[in-house]
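Listed here are the chains, written in short residue letters.
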Amino acid sequence: MKHLLSTQDLSRDNAILILDTAEQMAAVGDREVKKLPALRGRTVVNLFFEDSTRTRISFEAAAKRLSADVINFAAKGSSVSKGESLKDTAQTLSAMGADAVVIRHWASGAPHRLAATDWIDAGVINAGDGTHEHPTQALLDAFTMRRHWSALTGSGSTGGDLAGMRVAIAGDVLHSRVARSNVWLLRTLGATVTLVAPPTLLPIGVESWPCTVSYDLDQTIAQGVDAVMMLRVQGERMNASFFPSTREYSRRWGFDDNRLRALDELGMKDTIIMHPGPMNRGLEISSAAADSPRSTVLAQVRNGVSVRMAALYLLLSGDFREPAVQPSKETTR
Amino acid sequence: MSTPTGTYLIRGAAILGGATEDLLIRDGIIAARGIDLQQSAATGTAESLDAGLTVIDGTGLVALPGMVDIHTHLREPGREDAETVETGTRAAALGGYTAVHAMANSNPVADTAGVVEQVHSLGISAGWVDVRPVGAVTVGLAGKQLAELGAMADSRAGVRVFSDDGICVHDPVLMRRALEYVKAFDGVVAQHAQEPRLTEGAQMNEGEVSSVLGLAGWPAVAEESIIARDVLLAQHVGSRLHICHVSTAGSVELIRWAKERGINVTAEVTPHHLLLTDDLVRSYDPVYKVNPPLRTDADVQALRAGLADGTIDVIGTDHAPHPSEHKECEWAQAAMGMTGLETALSVVQETMIETGLMTWADFARVTSTVPAQIGRVADQGRPLEVGEPANIVLVDPAARWIVDPAAMATMGRNSPFRGLELPGRVIATFFHGHPTVLAGALNTPRRILGGDA
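Residues numbered from 1 in each chain as written. Chains lettered and ligands numbered in written order. Predicted model: local features only at pLDDT ≥ 70, side-chain atom pairs only at ≥ 80, totals over all residues. Heavy atoms only, no water.

**Describing the sheet that holds strand β8 (residues 227–230) of chain A**
Residue and element names in this part refer to chain A.
- Pairing within the open sheet is parallel, and its five strands lie in the order β7-β6-β5-β8-β9. Edge positions in the sheet fall to β7 (212–214) and β9 (272–274), since each has one partner strand and no second. If you compare each strand with its neighbour and ignore which way they point, the axes differ by 20° on average.
- Sheet topology places strand β5 (residues 166–170) next to strand β6 (residues 192–196); five bridges connect them, and they run parallel. Pairing of Arg166 across the sheet is with Thr192, part of β6. (Pairing = 2+ DSSP bridges. Helix = DSSP H or I, 4+ residues; strand = E, 2+ residues; numbered from the N terminus. Axes fitted to C-alpha atoms, helices over the stretch in contact; angles between N-to-C directions.)

Pasting the structure below:
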C-alpha cells in the first residue's frame, strides 16, 4: 500500500493492520517519552488547502512522535486564486524531498490526482477531500468503536473487527466525507450501518451504498443501536433550503436530551455517542449528550493521533510488526 | 473563383458503403460516376483523362459525403492558446469534415456581424473546410438581450444557426422571442439545454457514481426539463429548434414524443456520449470532464437507439480543445470539454456501425446530409452524384488505430479516447474538389484566386 486515499478500496486485512498498528502506537502515547525513532530522517509534508487545525495538528503530532521531519504547507484558498497550481505545488514538494504528503483539499479527488500523476513520487495520505472521503477519520472512529466493542464482547482488542455492531450515522450525509469513509470502512469491518438524514441531505444514488437509510432518528434508536455518530451541520447549508430552520433540524435529526434519555429508557446502557468535531452544541448534538459518559468525542481525538501514526508508519516503512526498527530497504526511494 | 483543383479519379470505392464505382472529380465537382470510368468511352470523359489526372485506388474504401459538424469550438478569436481556426480546421479535414459550425463563445463573443465575418474569413483563408459561424442568441451570451441576429444572418457569413452554447437560454420569454425572430431568415436556435439553478456547481452526472465520489451532481432532469419546455415553445410559435448534445435517455424520449407530434425539432449527440460513461470519472482525471457530463450505460444505449431510429438527427462533435494547464489540475478546477474532430468518425463507426445499428448510408445522413440541412449549408451534405460539389471523404473501414492525442492536428490534447483502439481511418478528404487530405495525411488547403470573397 503506497497511498491511503479512501476507505472504499481499503481491504479488510489492511484496515485491521492499521487498527492493530494503531494499538501499538497508542501504547507509545502512554509512555513518558512519547516518541519512536521509526521515521527519523523522513520528511512528512502537511499540505492543507483548507483550514483544519484539528486534523493538521493531529497529523503533526503523529509524525513527530515517529521522529519524522514535518513541514506544514498551508495553501489556503483555491490554487487558481493563489496563482500556483496543484501540479506546481506537488513538484515543488517533490523537489524538496518529501517522503509523504498529507493533503487536505476542498476539491474531491485532489489526493487521487497527486497519487495518479507523476507530479510527485511520495506516499499520499488523504486528510479529507471535498465531500469525498476522510479515511483517517473513519479509521480513528473504527478504532474507537473497536475498543468499545471488544470490551463488550470480550474479544481481544487486536485482530478483531466490528461484526454485529449496529452503527447509526446521522446528519448531513450529502456533504460529508466522514460519512462516506465510515460507510465503506464499517461495511468492510462487518458492522451494519444506518444513515439517518433529511431526504435533502442524502445523495441521489445512496440506495446503492452498503447500508440502510432512514429519515427517522427516533425509530432508528428504538430499533437498537450500539453507536450513534452525529455529523456536523455546516453553516452554509442553513440558508440553502436543505431544511426549514435550525430548530426544526435539531428537533428531528439532532441528538438532544430527549434522545439521550431514550437510550436510558430503552435500556441501551452501552450505546456510545460519537462526533468527529467540531461540534455545533445545541444543533446536531446537545451539551448533555456531548458531555455524557456515553460520549467518545475526546477519545476520538486521542485515538486520531495513534491511527495517523499507524498510517504514516505503514506507508513509509512497510513494516508493522516492530514499529521501532528502521524503514526496510525496499520501500526506500 | 476557385483555383483549378486538378482532376482526380477515385477507382472502385464503395459509394456510401454500397456498390463500388469510380468517381471523377474535376473543377470542384463530381464530373462523372460509374463503373470503370477510365476505360469507358460511353461516359464521354475518356478523352479528358489527360496527364493532369491523379488516380486514387479506392479498393476497400468507402466514399462518403464530406462530414459537416454542427457543433465545433474553434476558440478564435480570443483563445488562440487553445485552438485557432487554422489548427481546428486542419483537425476537421483530417477527421473527414468539409464544413464545421464554429460556436459563438469566442472572445469577443460572436454576437455581431463583425465577429462572424471575421471567423468566416479566417476559415476561407485557412482553406481546409467551410467555416460556418454560429451567432450568439444573446449579447455576450449573457441571456439578457437578443443579439443582432438579423445583421449576422445578412452578413457575408450568412449565419443561420444561433446558439449561446455553453450557456442555456434559460429565460423562457427570451427563448420564445429568439425562436420566433429567426423565422424571418430561416434560422434555427440551437439550445444548450441546462437548467442553471439545478446545475449550480455541477461537476458530473448525478447518480450512483457522483454519490460515491462526492462530486456535485448534474441531474438528467436539468437537461430534460429545458427540452420539454423548448419543444412546447417551438410548437407554440411554429419555429425550428435544435437541441445540442443530447445526453440522457429521458431527453431521447422527450424528443421522440415531440417529433411524433410534428414539432420541428432536431437533435444532436456527441461521439463521446455514444461511447463513454460516468464510471470513468472514478479516476478523477479531468480529461473526462465535459458538459453535459458523461452519463450512465443506460443513457448511452438509449442515445445509440435514438440515433439509429432517427429520433436524434445528427452527430455533433462539441470539439472543445483546452490548453493542458486547464486539465492538469483538480477535477473541480478543470475546464469542461473534449476534443473530437479527429476521432468522431471512428467512434461513430465503433458504436453504430460495428454494432450493426447503422449502415454507412445512415452515417452519411447523420454526419453530413442532415447537419448541412439544419445549418442551411446549400453546397454541403449533397449526394455523391454527377454535377454535385465534390465534398467527399474516403474511409478505410478495416483500418484500426490507437488514439494518440499528441499526434493530432488540433492543439487540444484533451481526448478522452486516448489509448483506445478504434476502427476506421480517413484516407482522403476532398473539399470542393481539392484534396485537403491525401494518403491519410494533410495535403494542402484549398486556395481561392482573387483573394477573400
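**Some points on the interface of chain A and chain B**
- Across the contact, 25 residues belong to chain A and 18 residues belong to chain B.
- For the pair chain A and chain B, the two sides together bury roughly 1700 Å², of which 55% comes from carbon and sulfur.
- Among the residues of chain A in contact with chain B, Ser108(A), Arg113(A) and Ile204(A) are the three that bury the most area, contributing 32% of the side total.
- A salt bridge links Lys87(A) to Glu328(B), with the shortest nitrogen-to-oxygen separation between them at 2.5 Å.
- Summed over the shared surface of chain A and chain B, the result is nine residue pairs in polar contact (both at pLDDT 80 or more).
- Contributions of two or more residues to the side of chain A that touches chain B are made by α3 (79–82), α4 (86–95), α5 (110–116) and α7 (177–188) of chain A.
- Looking at which element gives the most residues to the side of chain A that touches chain B, the answer is α5(A), with three residues.
- A class-by-class count of the residues in the side of chain A that touches chain B yields 11 nonpolar, 11 polar and three charged. (Contact = heavy atoms within 4.5 Å. Buried area = accessible area lost by both parts, 1.4 Å probe. Salt bridge = Lys/Arg side-chain N within 4 Å of Asp/Glu carboxyl O. Polar contact = N/O pair within 3.5 Å; in protein donor to acceptor, adjacent residues only side chain to side chain. Nonpolar A, V, L, I, M, F, W, Y, C, P; charged D, E, K, R; others polar.)

**Some words on unusual backbone geometry**
- Put simply, Gly277(A) and Pro278(A) share a cis peptide bond, and its omega is -10°.
- Looking at the secondary structure, you find Pro278(A) in the loop between β9 and α11 (287–290).
- With omega at 5°, the peptide bond leading from Glu76(B) into Pro77(B) counts as cis.
- With respect to the helices, strands and loops of the structure, Pro77(B) is situated in the loop between β6 (67–72) and α1 (85–94).
- Backbone geometry at Ser67(A) places phi at a positive 70°, although glycine is not the residue there.
- With respect to the element layout, Ser67(A) can be found in the loop between α2 (53–65) and β2 (69–74).
- For Ser241(A), which is not glycine, the phi torsion reads 60° and is therefore positive.

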